[in-house]
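# Examination of the molecular architecture
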Amino acid sequence: MNRNLTLLWNGFIPENPIFRLALSLCPAVAVTTSVKNGLALGLAVVFVQVMSSCTVAIFKSVIHPRVRIPAFVIIIALWVSVIDMILPVISPDVYEQVKLFIALIVVFAIIISRLELFASKEPLVPSFFDGLGMGIGFLFGLCLTSAIREFFGAGELMGYDILGFKPLLVMVLPAGGFFVIGFIMATFNWIEYKITGKVPASGGGH
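What comes next is a walk through the structure. No experiment lies behind these values; they were computed from the predicted model shown.

What counts, and where the lines are drawn
For every chain, the first residue of its written sequence is number 1, and the numbers climb from 1 along that sequence. Residues qualify for local features only when their pLDDT is at least 70, as the model is predicted, and side-chain atom pairs are given and counted only at 80 or more; totals for whole chains, interfaces and linings, by contrast, use all residues. Derived side-chain values reflect all non-hydrogen atoms in the structure, with water molecules and hydrogen atoms excluded from consideration. The helix count covers DSSP runs of H or I at least four residues long, the strand count covers runs of E at least two residues long, and both are numbered beginning at the N terminus. The size measure is the radius of gyration over C-alpha atoms, and the globule rule it meets is 2.2 Å times the number of residues to the 0.38 power. Classification of residues uses two cut-offs on accessible area relative to the type maximum, computed with a 1.4 Å probe and protein chains only: under 20% is buried, over 50% is exposed, and between them is partly exposed. The criterion used for residue contact is that any of the two residues' heavy atoms lie within 4.5 Å. Residue-level accessible areas treat just the shown protein chains as cover; the underlying method is Shrake-Rupley with a 1.4 Å probe. In this charge count, Lys and Arg are treated as positive and Asp and Glu as negative; neither His nor the chain ends contribute. To locate a charge, the coordinates of NZ of Lys, CZ of Arg, CG of Asp or CD of Glu are taken. For helices, the axis comes from a line fit to the C-alpha atoms of the stretch in contact; other axes are also lines fit to C-alpha atoms, and the angle between any two N-to-C directions lies between 0 and 180 degrees. Comment on the angle field: the value is read as roughly parallel under 35 degrees, roughly antiparallel over 145, roughly perpendicular from 65 to 115, and oblique elsewhere. Definitions for this section: a left-handed crossing has its near helix turned counterclockwise from the far helix by less than a right angle. A right-handed crossing has that turn clockwise. For this classification, Asp, Glu, Lys and Arg are treated as charged, while Ala, Val, Leu, Ile, Met, Phe, Trp, Tyr, Cys and Pro are nonpolar and the rest, including Gly, are polar. Cavity: a set of points on a 1 Å grid over the protein atoms alone where a 1.4 Å probe fits but cannot get out. Pocket: an open set with protein on both sides within 12 Å along at least five of seven lines, its lining residues, like those of a cavity, having an atom within 4 Å of a point. Grid points are joined across faces, edges and corners, and a volume is the space filled by probe spheres set on the points. Centres within 6.5 Å are what make two rings of Phe, Tyr or Trp a pair, Trp counting through its six-membered ring; a difference in plane orientation under 30 degrees is then read as stacked, over 60 as edge-to-face, and the rest as tilted. A patch is a set of surface residues, each over 30% in relative accessible area and not in a salt bridge, joined within 9 Å for like charges and within 5 Å for the nonpolar side chains Val, Leu, Ile, Met, Phe, Trp and Tyr. Whenever Lys or Arg places a side-chain nitrogen within 4 Å of a carboxyl oxygen from Asp or Glu, that contact is recorded as a salt bridge.

### Let's talk about the overall build of the protein chain
Assigned secondary structure in the protein chain consists of eight helices and two strands. For a compact globule of 206 residues, the expected C-alpha radius of gyration is about 17 Å, and the protein chain comes in at 17 Å, within 12% of that figure. Taking the principal axes of its C-alpha atoms as reference, the protein chain extends roughly 55 × 50 × 30 Å. When each of the 206 residues of the protein chain is scored for burial, the buried share is 44%. Of the contacts formed within the protein chain by residues at least 6 apart in sequence, a portion of 74% connects residues at least 24 apart. Element-wise, carbon and sulfur atoms account for 72% of the exposed surface of the protein chain, whose accessible area totals about 10,500 Å². Of the charged side chains in the protein chain, 13 are positive and 11 negative; the average position of the first set lies 10 Å away from that of the second.

### A closer look at the environment of Ile 63
Looking at where Ile 63 falls in the secondary structure, it is placed in the loop between helix H3 (35-59) and helix H4 (68-90). On a C-alpha basis, the gap between Ile 63 and Ile 86 in space is 28 Å, while along the polypeptide they are 23 residues apart.

### Quick notes on the packing of H3 against H4
It is the contact of H3 with H4, at a shortest axis distance of 9 Å, that shows an interaxial angle of 140°. Between H3 and H4, the angle falls in the class oblique. In terms of crossing hand, the pair formed by H3 and H4 is right-handed. Across the interface between the two elements, Ala 44, Phe 47, Val 48, Met 51, Ser 52, Thr 55 and Val 56 of H3 pack against Phe 72, Ile 75, Ile 76, Trp 79, Val 80, Val 82 and Ile 83 of H4. Each residue belonging to the contact of H3 with H4 can be placed in one class, and the counts come to 12 nonpolar, two polar and no charged.

### Observations regarding the layout of surface pockets
What the largest pocket holds in volume is close to 210 Å³. Those elements that place two or more of their residues in the lining of the largest pocket are H3 and H4. The biggest single contributor to the lining of the largest pocket is H3, with five residues. For the lining of the largest pocket, the residue count by class is nine nonpolar, one polar and one charged. Of the voids in this model, the second largest pocket is the one considered here, and its volume is about 160 Å³. The wall of the second largest pocket is formed by Ile 13, Pro 14, Arg 20, Phe 188, Ile 191, Glu 192, Ile 195 and Thr 196. Here the lining of the second largest pocket is built from residues that sort into five nonpolar, one polar and two charged.

### Here we look at the packing of aromatic side chains
This model, assessed by the stated rule, comprises eight aromatic pairs. Here the aromatic rings of Trp 9 and Phe 12 are separated by 6.1 Å at their centres, their planes lie at 45°, and the arrangement is tilted. Here Phe 12 and Trp 9 lie together in helix H1 (residues 3-12), a separation of three residues that amounts to about one turn. Judged by relative accessible area, Phe 12 falls into the partly exposed class, the value being 26%. For the pair Phe 128 and Phe 129, a centre-to-centre distance of 5.2 Å together with 85° between the ring planes defines the contact as edge-to-face. Of the aromatic side chains, those joined through ring pairs into one cluster are Trp 9, Phe 12, Phe 19, Phe 140 and Phe 188.

### With respect to a nonpolar patch on the surface
Residues Leu 39, Leu 43, Leu 157, Met 158, Tyr 160, Ile 162, Leu 163 and Phe 165 make up a contiguous nonpolar surface patch of about 730 Å² in total accessible area. Structurally, Leu 43 is set in helix H3.

### Comments concerning the packing of helix H7 (residues 124-154) against helix H8 (residues 174-196)
Axis separation between H7 and H8 bottoms out at 10 Å; the angle between their running directions is 120°. In terms of axis orientation, H7 runs oblique to H8. Once H7 is placed against H8, the crossing between them reads as right-handed. Every residue of H8 that contacts H7 at Phe 140, Leu 144, Thr 145, Ile 148 and Arg 149 is listed here: Pro 174, Gly 176, Gly 177, Val 180, Ile 181, Ile 184 and Phe 188. Classifying every residue of the contact of H7 with H8 by side-chain character gives eight nonpolar, three polar and one charged.

Such coordinate-based values are descriptive only and should not be taken to indicate function.
Below is the structure:
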C-alpha cells in the first residue's frame, strides 16, 4: 500500500487517537453529548492538526531542538486562533457549546505528539497525510461516541427526536462518556486480538 494511504489508515483505525492511543479523552468525553458538538470539535482538530503538521514540516530546519516544544505550541496556537475566528461565523450556536474546548486544542496531546514524533522528522507530504489521518481518526472517534451517547441518552440524532423518550439518561453524563469510549476500545482490542492473536498494548494521554 502507498505510504500516504497507510498513514491515513493508521490514524483512522490502527492508531486511532481515542480508541487505540487513548489520547485527549477528557475533551472527547466532554463534548460528545451530541453529534453536532463532536463534529464541530472534530473538524476543528482536523484543521489544526493538518496545518500544524505542515507548518512544522516546512520550518523544522529552522526550529532549534531546545525550543521545539514552545515553538510547536506557538504554531498550534496560531492555527487554533484561525479556527476560533472561523467557527463562530459558520455556526454560532455550536461554537457556544464547544468554544472552551476549541481554546484547549492548543494542549491536546494528540496534536503535539504528532508534531514531535512525525512532522518534525518527515517531509511535507507524509506529514500532511499523517496529520490528516490522525485528525480524521479523532473526528471519527468523536462522532461515533457522540452518536451512541446522543441516541441512547437523549433519544435523538443530530438534534432530531428519534425515540420520543430518553432510554438511558446516564449516557449524557461524564460516566456514560467513559463507558461508551471504554466499550468501543474493548471492541477494537477484541477485533485486533481475533485477527492477530496478540494482546493490544495500552496507551494514555490528556
